[in-house]
Amino acid sequence: MKTLAGQNNLLITWRPAFNGAELTRVETPDRDVRLPETVAGLPVTALGRHAFSPGKEQTAEGEQLQMTCGISDNKPDNRKLERITLPATLRRVGDYTFYNCAALREVHLSEKVSHWGIGVFMNCLMLDTFFIKTLDNRAESVYYFVNEFSQELDVTVTYPEGLPARLIFPGYTEAYQENISARHFDYTINGPGYPYHNMFRDRTLVIKDYDRLWPALLETEHDSACARRMAWYRLRYPRELKRDTEDQYLKFLRKNAAEVIFWLLQQKDNRGLAWFLPSSEAGHETLRLACEEARRLNAAEALALLLEVQHRHFSGGAEKSFAL
């Protein structure tokens, strides 16, 4: 078995297929994996059925290749895989490729993948974050993932010109309840996410349709933390954002300024805090409590930002202490 240097510790089984190489099996002890774009001089164009599934005992077809980025005493265990970056050369992903990768949380990919098999991410219950590089403005891959999952999803789409959009798709649940007297099952949908997961036109992501759903979401029972994230990322990544919709998102964040500021402190997002504070309309008590939280977190830069706004708007009663 040949051993090569790489970015990860990988045991790969591969074979020629699909105008390149198909990885029929990949095993790794690593939690953050970037798959190679070439194997034996061939572009990696396909991932085979159950290629990453933990506990598969059948022998995968092909030649084995060891890739290493250094000494690792850990045994390969795909159950610990948390983040995967798929190669830009990839075109096909087979059935159940990541079946039972229970720790997988984040996927990075190029939209050149044109075929997704059945149940690719079945039982990947932690998976909720996608970074997608699109080929055009259709962003068709988003349609696949948003329809594959009903839970809340965090999707960042980078368009060909480089300007990204980051969209939070709220979750929903579907339930069937037996109605014995009527001799049928009642079907119900709970949560405000269903319209967001089904807003596509001919598999195309239309961002203005996403924004149109915002007023209706606020009128229904919803997760306020999810709504704050939705509004925040639309304002921070304002691709195709109209002025009237921008005002609606900002009005919502101002109404929830305390929660937004505390969230930013927890996220250590000082740039976001500097952007939001001047327009947050946060009151004196909100800023005072935020300063206390910044001191507790030893967040010196965030505390400086908060004290500056506090002094500018409430100089008569502002706290003068900068001590952490």
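One can find the structure itself at the top, above this paragraph.
Residues numbered from 1 in each chain as written. Predicted model: local features only at pLDDT ≥ 70, side-chain atom pairs only at ≥ 80, totals over all residues. Heavy atoms only, no water.

Turning to the pattern of salt bridges, a few remarks are in order. All told, the structure shown has 24 salt bridges when counted by the stated rule. Salt-bridge contacts for R212 lead to D209; the nearest nitrogen and oxygen are separated by 2.3 Å. Linking R212 with D209, this pair stays in helix 3 (residues 207-212), spanning three residues, or about one helical turn. A residue is classified by how much of its surface remains accessible, and R212, at 52% relative accessible area, is exposed. Under the relative-accessibility criterion, D209 is labelled buried at 10%. A salt bridge links E292 to R288, with the shortest nitrogen-to-oxygen separation between them at 2.6 Å. Taken together, the residues span about one helical turn, with E292 and R288 both in helix 9 (residues 284-296) at a distance of four residues. A relative accessible area of 39% places E292 in the partly exposed class. Each of the salt bridges in this network shares a partner with another, and the network as a whole consists of R15, E22 and E61. (Salt bridge = Lys/Arg side-chain N within 4 Å of Asp/Glu carboxyl O. Helix = DSSP H or I, 4+ residues; strand = E, 2+ residues; numbered from the N terminus. Buried < 20%, exposed > 50% of the residue type's maximum accessible area, 1.4 Å probe, protein only.)

Attention now goes to the side chain of D77. Within the element layout of this structure, D77 appears in the loop between strand 7 (63-68) and strand 8 (83-85). Accessibility expressed as a relative area gives 17% for D77, which makes it buried. When sequence neighbours within four positions are dropped, the list of residues in contact with D77 reads T28 and P29. (Contact = heavy atoms within 4.5 Å.)

Here the focus is the side chain of T85. With respect to the helices and strands, T85 occurs in strand 8. Classification of T85 by relative accessible area gives buried; the value is 11%. T85 has contacts with V33, R34, L35 and H108, leaving out every residue within four places of it along the chain.

Our next topic: the layout of surface pockets. The calculated volume of the largest pocket comes to roughly 330 Å³. Forming the walls of the largest pocket are 19 residues, and the residues nearest its centre are T85, L86, L109, S110 and K133. Elements supplying a minimum of two residues to the lining of the largest pocket: strand 10 (106-110), strand 12 (129-133) and strand 13 (153-158). Lining of the second largest pocket is provided by 13 residues; of these, V113, S114, W116, E140 and S141 occupy positions nearest its centre. Broken down by secondary-structure element, the contributors of at least two residues to the lining of the second largest pocket are strand 11 (115-116) and helix 1 (140-148). Here the lining of the second largest pocket takes four residues from helix 1, the largest share from any one element. Taken together, the residues of the lining of the second largest pocket sort by class into five nonpolar, three polar and five charged. (1 Å grid on protein atoms, 1.4 Å probe; cavity = no way out; pocket = protein on both sides within 12 Å on 5 of 7 lines; lining within 4 Å. Points joined across faces, edges and corners; volume = space filled by probe spheres on them. Nonpolar A, V, L, I, M, F, W, Y, C, P; charged D, E, K, R; others polar.)

Pairing between the strands of a sheet is mediated by backbone hydrogen bonds and can be parallel or antiparallel. Strand order across the open sheet formed by six strands is 4-8-10-12-13-14, with mixed pairing between neighbours. Each end of this open sheet is capped by a strand with a single partner; those strands are strand 4 (32-34) and strand 14 (164-169). Strand-to-strand twist across the sheet, computed as the mean angle between neighbouring axes with direction ignored, equals 10°. By the bridge criterion, three bridges tie strand 4 to strand 8 in an arrangement that is parallel. Bridge pairing links R34 to T85 in strand 8. (Pairing = 2+ DSSP bridges. Axes fitted to C-alpha atoms, helices over the stretch in contact; angles between N-to-C directions.)

Here the focus is the environment of W214. Of note, W214 is situated in helix 4 (residues 214-219). The exposure class of W214 is buried, given its relative accessible area of 1%. Expressed as a C-alpha distance, the spacing of W214 and T245, which sit 31 residues apart in the sequence, is 8.6 Å. Every residue in contact with W214, bar those within four places of it in the chain, is listed here: Y196, A227, M230, A231, Q248, Y249 and F252.

Looking now at the pairing of strand 7. Pairing analysis gives four bridges linking strand 1 (residues 2-5) to strand 7, with the strands arranged parallel. Bridge pairing in strand 7 places A5 opposite T68. The sheet contact formed by strand 2 (residues 10-17) and strand 7 spans five bridges and is antiparallel. Bridge assignment links I12 to a residue of strand 7, and that residue is L65.

Next up on the list: helix 8 (residues 270-280). Looking only at helix 8, the buried set comprises G272, L273, F276, L277 and S280. For helix 8, the buried positions fall inside an angular range of 125° around the axis, keeping them on one side. In helix 8, the exposed positions angled more than 90 degrees off the buried face are occupied by R271 and P278. Residues of helix 8 that are buried in the fold lie against helix 5 (224-236), helix 6 (243-255), helix 7 (257-267), helix 9 and helix 10 (300-314). (Arc of directions from axis to C-beta.)

Everything listed is a geometric property; what it means functionally is a separate question.
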